[in-house]
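Structure at a glance
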Amino acid sequence: SHILVLFEPQNNLNIPILIGEYEAKIIILSRENIHAKRPLTHNLLCDVINQFSLVLSKVVVESFKEGIFYSSIYITDGVTTKKIDSRTSDAIALALSMNAPIYATKSVINETGIEANSFINSDADTTADNPTIEELETQLDIYEQNEEYEKAAELMKRINKILEAKDKGNQQ
């Protein structure tokens, strides 16, 4: 599991949300605007929203019950807005892909917010000149576990470039 952290600036609080490994990778891809060769589910939904001239107006983390966050996406055609239930990780990936704002209700903030200064970051980094893909993937996991998503995204780009270069070398 991984922890996605939403920052609430008014009260300097972090809202930690436990998500799976797959969801974490999807969110990193969305945040860094990295596209898979074929559309992933959130990419498909983005395309549907765009093709029908709709707008994802916002994502709201609505509540926290029995250890589970409940979220909604709000889609509008400019006249009518529809609220649609969504898994929080999917809603956030969609919001990041479509540049939509992400909000949390006051009850979620009050119930789950943690003082932002209480989080500890690691400055661990890959130091080998030519690390293996396995070493890079291990480092990627460390970045994700430490919530260093920007470093994780950069490392993912590096891994993808190495893999693409290997593919080109194997095709020749």
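Our subject is the structure that appears above.
This text gives an overview of the structure that appears in the document. On a predicted model such as this, the values are computed, not experimentally measured, just so you know. (Residues numbered from 1 in each chain as written. Predicted model: local features only at pLDDT ≥ 70, side-chain atom pairs only at ≥ 80, totals over all residues. Heavy atoms only, no water.)

Pairing is mixed in the open sheet, where four strands are placed in the order β5-β4-β3-β6. Lying at the two open borders of the sheet, with one neighbouring strand each, are β5 (81-86) and β6 (102-104). The sheet shows a mean angle of 25° between the axes of neighbouring strands, taken without regard to direction. With nine bridges joining them, strand β3 (residues 55-65) and strand β4 (residues 68-76) adopt antiparallel strand pairing. Note that in β4 the partner of leucine 56 across the bridge is isoleucine 75. (Pairing = 2+ DSSP bridges. Helix = DSSP H or I, 4+ residues; strand = E, 2+ residues; numbered from the N terminus. Axes fitted to C-alpha atoms, helices over the stretch in contact; angles between N-to-C directions.)

Membership of the largest hydrophobic core comes to 28 residues, with the highest contact counts inside it found for Ile15 and Ile17. For this core, the elements supplying multiple residues, two or more each, are β1 (2-8), β2 (13-19), α1 (21-31), α3 (88-98), α4 (106-112), α5 (133-145) and α6 (149-171). The biggest single contributor to this core is α6, with six residues. One finds Leu56, Val59, Ile73 and Ala95 within the second-largest nonpolar core, a separate group that totals 11 residues. (Core = buried A, V, L, I, M, F, W, Y, C linked by side-chain atoms within 4.5 Å. Buried < 20%, exposed > 50% of the residue type's maximum accessible area, 1.4 Å probe, protein only.)

For asparagine 12, which is not glycine, the phi torsion reads 55° and is therefore positive. Relative to the elements of secondary structure, asparagine 12 occurs in the loop between β1 and β2. For asparagine 12, a relative accessible area of 31% corresponds to the partly exposed category.

Moving on, we get to the environment of valine 61. Mapping valine 61 onto the fold places it in strand β3. Taking relative accessible area as the criterion, valine 61 reaches 1% and is therefore assigned buried. Taking C-alpha positions, valine 61 is 6.6 Å from serine 72, a pair spaced 11 residues apart along the chain. Once residues within four sequence positions are removed from consideration, valine 61 is found in contact with Leu6, Phe69, Tyr70, Ser71, Thr88, Tyr103, Ala104, Thr105 and Val108. (Contact = heavy atoms within 4.5 Å.)

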